[in-house]
Structures are given as structure tokens and as C-alpha cells.
Amino acid sequence: MPAVEIRPDVFWIGMNDRTTDLFEGIWPIANEGVTYNTFLVRDEHSAIIDLAKAIKTDQFLEQVDEIVPLAEIDYLVINHMEPDHTGAIRMLSRIPRRLTILTTEKAKVMLAAYYGITENVRVVADGETVELGRHRLTFHHIPFVHWPETMATWEPVSKVLFSCDAFGGYGAFNGSVFDDECRDPAFYERESLRYFVNIVAKFSAPTLRAIEKLAGVPIEIIAPSHGLIWRKNPGRIVELYRQWSELAKGGGAAAVTLVYGSMYGNTERVMNAVAQGITRSGVPVEIFDAARTHVSYILPALWRNRGVMVGAPTYEATLFPPVAQVIDMAALKRIVGKRTAIFGSYGWSRGAVETFKRMVEPLKWDVTDVLEFNGGPTKDLLARAGEFGERFAAAVKA
Ligand code: FEO
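S.K.: Got a minute to help me understand the domain arrangement of the chain in this structure?
M.R.: Accessible area lost on assembly of the parts is the figure often given for the size of an interface. Along its sequence, the chain is organised into domain 1 (4-248) and domain 2 (252-397). Taking only C-alpha atoms, the centre of domain 1 and the centre of domain 2 are 38 Å apart. Counting from both sides, the interface comprises 15 residues of domain 1 and, opposite them, 14 residues of domain 2. For the pair domain 1 and domain 2, the summed buried area comes to about 1,400 Å², and 67% of that belongs to carbon and sulfur atoms. One can count zero salt bridges joining domain 1 with domain 2. The interface formed by domain 1 and domain 2 holds seven residue pairs in polar contact (both at pLDDT 80 or more) in total. Ranked by residues supplied to the side of domain 1 that touches domain 2, first place goes to helix α4 (residues 185-200) with five residues. Of the residues assigned to the side of domain 1 that touches domain 2, the class counts are ten nonpolar, two polar and three charged.

S.K.: Help me understand the side chain of histidine 141 in this model?
M.R.: Following the sequence through the fold, histidine 141 ends up in strand β13 (residues 136-141). Not counting the four nearest positions on each side in its chain, histidine 141 is found in contact with Thr104, Val124, Ala125, Asp126, Thr150, Met151 and Lys213.

S.K.: Even after reading the chapter, I still don't get the pairing of strand β18 (residues 285-289), so can you show me in this structure?
M.R.: For a regular strand, the rule is simple: side chains alternate between the two faces of the sheet. As paired strands, strand β17 (residues 253-260) and β18 are joined by five bridges and run parallel to one another. Directly across from valine 256, in β18, lies its bridge partner valine 285. For the crossover from β17 across helix α7 (residues 266-280) to β18, the handedness is right-handed.

S.K.: Which parts of the structure should I look at to understand the packing of aromatic side chains?
M.R.: Any pair of aromatic rings gets described here by the distance separating the centres and the angle formed by the planes. Within this structure, the stated rule accounts for 16 aromatic pairs. Judged by centre distance (6.0 Å) and plane angle (65 degrees), the ring pair of phenylalanine 23 and tyrosine 195 falls under edge-to-face. Here phenylalanine 23, found in strand β4 (residues 22-23), pairs with tyrosine 195, found in helix α4; they are 172 residues apart in sequence, far enough to count as distant. Summarising the burial analysis for this pair, phenylalanine 23 and tyrosine 195 share the class buried. Cluster of aromatic residues (ring-pair linked, three or more members): Phe167, Phe196, Tyr241, Trp244 and Trp303. Against the face of phenylalanine 178 rests arginine 231, its NZ or CZ located 3.6 Å from the ring centre.

S.K.: Is there a simple way to think about the sheet that holds β17 in this case?
M.R.: In a beta sheet, neighbouring strands pair by backbone hydrogen bonds and run either parallel or antiparallel. Read from one edge of the open sheet, five strands run β18-β17-β19-β22-β23, paired in parallel fashion. Each of the sheet's edge strands pairs with one partner strand only, and the pair in question is β18 and β23 (366-374). Going across the sheet, the axis of each strand differs from the next one's by a mean of 15 degrees, ignoring polarity. The sheet strands contacting helix α8 (residues 295-304) are β17, β18 and β19 (305-311), and the helix crosses β19 at an angle near 125 degrees.

S.K.: What is the right way to look at the packing of helix α5 (residues 204-214) against helix α6 (residues 234-246) in this model?
M.R.: Two measures define how a pair of helices packs: the angle their axes make with one another and the distance between the axes. Running from N to C, α5 and α6 cross one another at 145 degrees; their axes reach a closest spacing of 9 Å. For the element pair α5 and α6, the recorded crossing hand is left-handed. Along the contact surface, α5 presents Ser204, Thr207, Leu208 and Ile211, while α6 presents Val238, Tyr241, Arg242, Ser245 and Glu246.

S.K.: Is there a simple way to think about the pairing of β13 in this case?
M.R.: Counting buried positions along β13 yields five of six residues, so the element is predominantly enclosed. In the sheet, strand β12 (residues 129-131) pairs with β13 via three bridges, with the strands oriented antiparallel. Across the sheet, residue valine 130 finds its bridge partner in β13, namely leucine 137. Bridge analysis of β13 against strand β14 (residues 151-155) gives four bridges, and the strand direction is antiparallel. Across the sheet, the residue bridging to histidine 140 is alanine 152, located in β14.

S.K.: Explain the sheet that holds strand β2 (residues 10-12) to me, please; I cannot follow it from the model alone.
M.R.: Within the open sheet, the seven strands sit side by side as β1-β2-β7-β8-β9-β10-β11. Their pairing is mixed. The outermost strands of the open sheet, each flanked by one partner alone, are β1 (4-7) and β11 (121-123). Taken over all neighbouring pairs, the strand axes of this sheet differ in orientation by 25 degrees on average, direction set aside. Examined bridge by bridge, strand β8 (residues 46-49) and strand β9 (residues 73-77) share four bridges and lie parallel to one another. By the bridge assignment for β9, alanine 47 is matched with tyrosine 75. Contacts between helix α3 (residues 105-115) and the sheet are confined to β10 (100-103) and β11, with β10 contributing the most and set at about 130 degrees to the helix.

S.K.: What exactly am I supposed to notice about the packing of α4 against α6 here?
M.R.: One way to put it is that α4 packs onto α6 with a least axis distance of 11 Å and a crossing angle of 45 degrees. With respect to each other, α4 and α6 are oriented oblique. Remark: the crossing between α4 and α6 carries right-handed chirality. Taking contact as the criterion, the partners of Glu189, Ser192, Leu193, Tyr195, Phe196 and Val200 in α4 are, on α6, Arg236, Ile237, Leu240, Tyr241, Trp244 and Ser245. By residue class, the composition of the contact of α4 with α6 is eight nonpolar, two polar and two charged.

S.K.: Where do I start with the pattern of salt bridges in this structure?
M.R.: Opposite charge on two side chains permits them to pair, given that their charged atoms come into close proximity. By the definition in use, this model includes 21 salt bridges. Across the salt bridge formed by aspartate 9 and arginine 42, the nearest N and O atoms sit 2.8 Å from each other. Here aspartate 9, found in the loop between β1 and β2, pairs with arginine 42, found in the loop between β7 (39-41) and β8; they are 33 residues apart in sequence, far enough to count as distant. Classification of aspartate 9 by relative accessible area gives buried; the value is 16%. Looking at arginine 42, the relative accessible area reads 30%, which means it is partly exposed.

S.K.: Before we go on, may I ask you to explain α3 in this structure?
M.R.: Three- or four-residue spacings in an α-helix give side chains the same orientation, since the helix completes a turn every 3.6 residues. By the burial criterion, the buried members of α3 are Ala107, Met110, Leu111 and Tyr115. The arc that holds the buried residues of α3, viewed along the axis, is 110 degrees, so those residues lie on one side. In α3, those exposed residues whose orientation departs by more than 90 degrees from the buried face are Val109 and Ala113. Those residues of α3 that are buried lie in contact with α2 (89-92), β10 and β11. A positive backbone phi angle near 70 degrees is found at glycine 116, which sits one or two residues after α3.

Parameters and conventions
Residues numbered from 1 in each chain as written. Predicted model: local features only at pLDDT ≥ 70, side-chain atom pairs only at ≥ 80, totals over all residues. Heavy atoms only, no water. Domains from an automatic or database assignment. Contact = heavy atoms within 4.5 Å. Buried area = accessible area lost by both parts, 1.4 Å probe. Salt bridge = Lys/Arg side-chain N within 4 Å of Asp/Glu carboxyl O. Polar contact = N/O pair within 3.5 Å; in protein donor to acceptor, adjacent residues only side chain to side chain. Helix = DSSP H or I, 4+ residues; strand = E, 2+ residues; numbered from the N terminus. Nonpolar A, V, L, I, M, F, W, Y, C, P; charged D, E, K, R; others polar. Pairing = 2+ DSSP bridges. Right-handed = clockwise from strand over helix to strand, strands pointing away. Phe/Tyr/Trp six-rings, centres within 6.5 Å; stacked < 30°, edge-to-face > 60°. Buried < 20%, exposed > 50% of the residue type's maximum accessible area, 1.4 Å probe, protein only. Lys NZ or Arg CZ within 6 Å of the ring centre and 35° of its normal. Axes fitted to C-alpha atoms, helices over the stretch in contact; angles between N-to-C directions. Left-handed = near helix turned anticlockwise from the far one by under 90°. Parallel < 35°, antiparallel > 145°, perpendicular 65-115°, else oblique. Arc of directions from axis to C-beta.

Here it is, written out as C-alpha cells:
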């Protein structure tokens, strides 16, 4: 996409990425895409704020040159060192110029480790301001959102906050970079939650500290490094991030995430009866087949819903591996304080339930009920499965 002037002499010079399959090599984005939002402030001293992934270097260099010849850029602000925002620096560092990198002390060390760059790096203090001419840049350190070196950059004349990963989301642009021009805000909010849970959620406490720290800064536009630029309603994405971060303590909506796996359909038949029981009780349920759904899409439901119903057969005396992998990832992301129950079939050995209880005990998941059965379901078992679902719905509502 061509550059977009988001305020006088403040440009989005970023790009869509619709070809990367996996963000961070883990999280699927083939259908949704992602953006690398980089910015340019044109002034007596011009500054680029954040870069892009290495595969986008050519496009990035062209985007800059459209606005200001590259050789006339004075500053490069590195808010965050992760290579989706710094990969293009390899090429940039080979072009002779007077460009000075402005970043944090921790990022300076990382610049040397990742790229061997040690010269023309100026460490900026928390609250420090660099004058550009008519504009200026003030740096707010917001460590661990989501790496230790992260900071946000505020431009007080245009009142734009360049927040990097904070307030970001997956989703390529469909013709516009702004919240008020996008046709499908629900898509971007859904993909912002998925991004938040995949990337940022483990660092919810630092995120809440960052939101509190930035509360007194006059901001009219939130310009993150991924996803929409929020100019009509910047408070919306900040409030969403605040609400999502609060869920790190546990709890959530009175709704159920039902994660199941089934080898031959026995556990799946019971799953449908359990889901009927939950729904009959007026509690919403989101159902995921763990073997066929990437965990990236399951994590947001686990994060926001209070209840987790697990359906899994015993597999070689333990929990069915696709379901175990979801629980493992929930543990890595510190999804804590949920109400849970488990059902599933066993053949020649039990083991799934005990393994599950061991896995969720450190996460403080309250196991309220168990329904285990040998072989396939009977009519009586399916009736009991419905009641099991109803009891769990009541426990989630309580
Ligand atoms: Fe968008 Fe943490 O990099």
C-alpha cells in the first residue's frame, strides 16, 4: 500500500504481509495476514519509527524514499527489537548515512547480538525528548510489553503514540489503515484478541502498568506496529487491552470453552450430549476439536471464558495428546483460575483424568466434575452426559 499521511508530516509507511504462514514461526496468519506498521516523521530532522521484517526490506526502502530520501533521515527509533520490527536494519545499516538509532539500553545490547550493530546507537532515557524541528519525540519505557527492552514513542504536536506491539493485532489492511474506515471492525477486534493472547497476555501485569503510565499522556491517535491505527476511537483498543489484561488473574465470562479430542468418535458423541446440557442451561459454549484446530484459535476462548470443559480419551495410559498440547500451551501462557470438568472414554487402561488433574493443578483450575466411561456410550450414558453438562453450566454461572 502507498504511504498514508496520518497527521501533517506524520506518515504510515508500513506494509501488508499476506505471505507469511506463521507469525513468530508458531501462530497461523495465512488467512488473516498481518501488517508491519512503520512510521516516518518529516521535519528538519526526519525520523523513522520502527522497521519491518527482513522480507519486506525492498518495499520498506521504497516507502521511505517516497517521502524523504533515505540519505536525509536523521533518526531511527527502535521501540522493540523483535525481528518483525528490525529485520530491515541489516540492509539499512549498509547504506552510508548520518542516521542515529534511538533506543533503550537493553535494546542496544540486543542490536549488537542480533545484527552486530554497535555504532551510532544513542540510548534514550525514560521521559527523554528529542527535537526534530516542528515535531519532537518523547520516549516512554514500557518494559516487558512484551520484551524487556520495549518502549513507546509519543509525538506531542500530532499527539500520536507509536506503541509498537502494545495495542496491536493480526489482520492485513483491506484498503485502509484507520479504525474509522475499516468495514469489518469485528474482524480486527477478534484478531487483536488472538494476537494479545498469543503474544502479549503472559505479560499482562506489565501491560496494565504501561496503560496506567500512559494514562496522563494526551493521545489522539494510537499507532501500533500491527493492525489498525486508532484515530476515531483510540480509547477503544486501550480499554480492550485493559480488560483482556485483567483476565490474567483468572475468571472471565460465564461461558464455556469445550476442548475435545476423539479417536473413534466415542468421546465425540458424548461431547455433543455435554454441549447440549450446557446450552440447555443458557450458558454459551465454544467447541474446539483439539486435533484439528491450531491452539492459536483456542487460546482466546480459554482466556476470556470462565469455564473449560475438556473431553479426551485415554491414550496409552495418559491424556489424548492433542488435548494435552492445548493444556500445555495454556500453562505456558499462564491461563489460570478456571472452572473445569473432564469427560472421556477409556479402553484397556485409564489415565487421562489423573494426567489432566496433575496438569491443571498448578494453574489453579478447579476440577468440579468427572465423567469417565469404558468403550462406547450407551443411551443411559448420553443422558448422564447431558446432566453432566447442566451441572457444569451451573458451576460456571455460580
Ligand atoms: Fe511485533 Fe514483539 O514483535
